[in-house]
Amino acid sequence: MDLQSIKDGFARAFGDTGEGLRFFYAPGRVNLIGEHLDYNGGYVFPCALNLGIYSAARKRGDSLIRLASGNMEPKVTVDSAHIFYDTKDGWANYPKAVIHELLRMGYTPGGFDLYVWGDMPNNAGLSSSAAIELLTCAVSDRLFDLGVGSIERAKLCQRAENGFVGVNCGIMDQFASGMGKKDNAILLDCSTLEYQYVPLKLGDYRLIISNTNKKRGLTDSKYNERREECERALHDLQKVCDIKNLCDLSADDFEKYKNAIGDSVACNRAAHAVYENARTKAAVKALNTGNLREFGKLMNLSHVSLRDLYGVSCTELDVLAEAAWNVEGVLGSRMTGAGFGGCTVSVVHKDAADSFIKNVGETYKTRTGLTADFYIAETGDGAGEIIK
Ligand code: GLA
């Protein structure tokens, strides 16, 4: 990334010389498997991308926070003493949320000017919102030496999104954006936040992200609905077994106790959680032993489960995944993230990348009338300062 253009953007936005700036980056993420498990106490397996949000920042001598973006309107100025959610502030509510949460936790960030510019698609299921949150947290932390620990950053940003923005997300996106490591995926146990880096040894294979470019509408309300359905299933199961989360159950125990779940919808949601958790552990084992074919198969099964049991896919995602399954050289393909639109992720042989993009792109256009975008994904590091 050319930091000069970020510096120029800052100078344009705030009408000054752009001297004395510090630069930061926070990545988007793609989840390889383990979907809708973070809030069910299961394993997730995301990696941070080299697509994300760059920024230039500088301390001010007062308590004002000025926020500007090279991709999005509006430009917003707030006083840190009076931060509240305002729909008309759009994207700026995310950085405001983080500052609000920092202050609530007793940290004392002062005023600063922040200019951001992203090279990732927004609202495409690659967690641009987590990226902007982690970015703001890293900026505040570094400019004012707040000493927020790295895992605390992720937890704090999740709380900011839950409480201030009002989206009841789990911890996965913030954790991946904050803790990502180039060439690795993160196996995160969401019930304990224990994690390990797993080298993403894909050999001749590449990760291709395909964006449906579908306008997403009801994602948040449908997301919250899935969470409630899982809570219902958990509540029923807790009458017959001693568990804290759905993912505490093995597949065998789930089969034994599932009749306790009062309605079939909640039962399907729980079945997805339990079996997806088992798939995630198996997928990591497959990756560690170099069995990429098995890894791909598990990705496909994950998609089918999200489609049939969890009800978070949509025609566009299904068309992309199914078209990918038909391309030679593809080991696996699935929707990634919350669903209802957004992206798929596929494991594709490097020599098949061009035919993948051509064939999947054409099928998608014919079947949906929409044009998909494709990214050959590279992993990247988590949020932090760019030291020149
Ligand atoms: C969204 C949420 C995450 C996670 C995924 C689904 O990205 O922000 O917490 O629940 O959906 O796996």
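Our subject is the structure listed above.
This text gives an overview of the structure that appears in the document.

So, on to the packing of helix H10 (residues 315–325) against helix H11 (residues 353–368). Orientation of H10 relative to H11, taken along the N-to-C sense of each, is 145°, at an axis distance of 9 Å. Helix-helix and strand crossings are classified by hand; for H10 and H11 the assignment is right-handed. Packed against H10, whose contacting residues are Glu316, Val319, Leu320, Ala323 and Ala324, the element H11 presents Phe356, Val360, Thr363, Tyr364, Arg367 and Thr368 at the interface. Looking at side-chain class alone, the contact of H10 with H11 contains 7 nonpolar, 2 polar and 2 charged residues.

Taken together, Arg29, Glu35, His36, Asp38, Tyr39, Cys169, Gly170, Met172, Asp173, Tyr223, Gly337 and Ala338 are the residues near the ligand. Between an oxygen atom of the ligand and a side-chain N or O atom of glutamate 35, the distance comes to 2.5 Å. Side-chain polar atom of tyrosine 223 to an oxygen atom of the ligand: 2.6 Å apart, as the coordinates give it. Burial of the ligand by the surrounding chains reaches 93%, relative to a free accessible area of 310 Å². Here the shell around the ligand is built from residues that sort into 5 nonpolar, 3 polar and 4 charged.

For the structure on display, the rule yields 11 aromatic pairs. When the ring of tyrosine 25 is compared with that of tyrosine 54, the centres are 4.6 Å apart and the planes differ by 40°; the resulting orientation is tilted. One end of the pair, tyrosine 25, is in strand E1 (residues 22–31); the other, tyrosine 54, is in strand E3 (residues 46–59), with 29 residues separating them in the sequence. Like tyrosine 54, tyrosine 25 is buried. On the numbers, 6.4 Å between centres and 90° between planes, the contact of phenylalanine 254 with tyrosine 275 is edge-to-face. Residue phenylalanine 254 is located in helix H7 (residues 251–257), and its partner tyrosine 275 is located in helix H8 (residues 264–288); the two are separated by 21 residues in the primary sequence.

Inspection of the secondary structure puts isoleucine 243 in the loop between helix H6 (219–237) and H7. The exposure class assigned to isoleucine 243 is buried, which follows from its relative accessible area of 10%. With 141 residues separating them along the chain, isoleucine 243 and leucine 102 place their C-alpha atoms 33 Å apart. When residues no more than four places from it in sequence are discounted, the contact partners of isoleucine 243 are Leu234, Leu237, Gln238, Asp248 and Leu249.

Rules of the game
The residue numbering used here restarts from 1 in each chain and proceeds along that chain's sequence as written. Totals for whole chains, interfaces and linings use all residues, but because this is a predicted model, local features are given only for residues with pLDDT of at least 70 and pairs of side-chain atoms are given and counted only at 80 or more. Just so you know, side-chain values use all the structure's heavy atoms and leave hydrogens and water out. Comment: axis = line fitted to C-alpha atoms, over the contacting stretch for helices; angle = value between 0 and 180 degrees taken between N-to-C directions. Runs of E in the DSSP output that reach at least two residues are strands. Runs of H or I that reach at least four are helices, and both are numbered from the N terminus. In a left-handed crossing the near helix is turned counterclockwise from the far helix by less than a right angle, and in a right-handed crossing that turn is clockwise. The contact criterion used throughout is that any non-hydrogen atoms of two residues lie within 4.5 Å. Residue polarity is assigned by list, with Asp, Glu, Lys and Arg as charged and Ala, Val, Leu, Ile, Met, Phe, Trp, Tyr, Cys and Pro as nonpolar; anything else, Gly included, falls into the polar class. Put simply, a residue is near a molecule or strand once any heavy atom of it comes within 4 Å of that molecule or strand. The term polar contact refers here to a pair of N or O atoms within 3.5 Å; inside protein, the definition further demands a hydrogen-donor-capable atom paired with an acceptor-capable atom, and it admits residues adjacent in sequence only when both atoms are side-chain atoms. Note on areas: Shrake-Rupley, 1.4 Å probe, and residue coverage restricted to the protein chains presented here. In summary, the pairing rule links any two rings of Phe, Tyr or Trp, Trp by its six-membered ring, whose centres are within 6.5 Å, and it sorts them by plane angle into stacked for under 30 degrees, edge-to-face for over 60 and tilted for everything else. Partly exposed describes any residue whose relative accessible area lies between the buried limit of under 20% and the exposed limit of over 50%, with all areas from a 1.4 Å probe on protein chains only and scaled to the type maximum.

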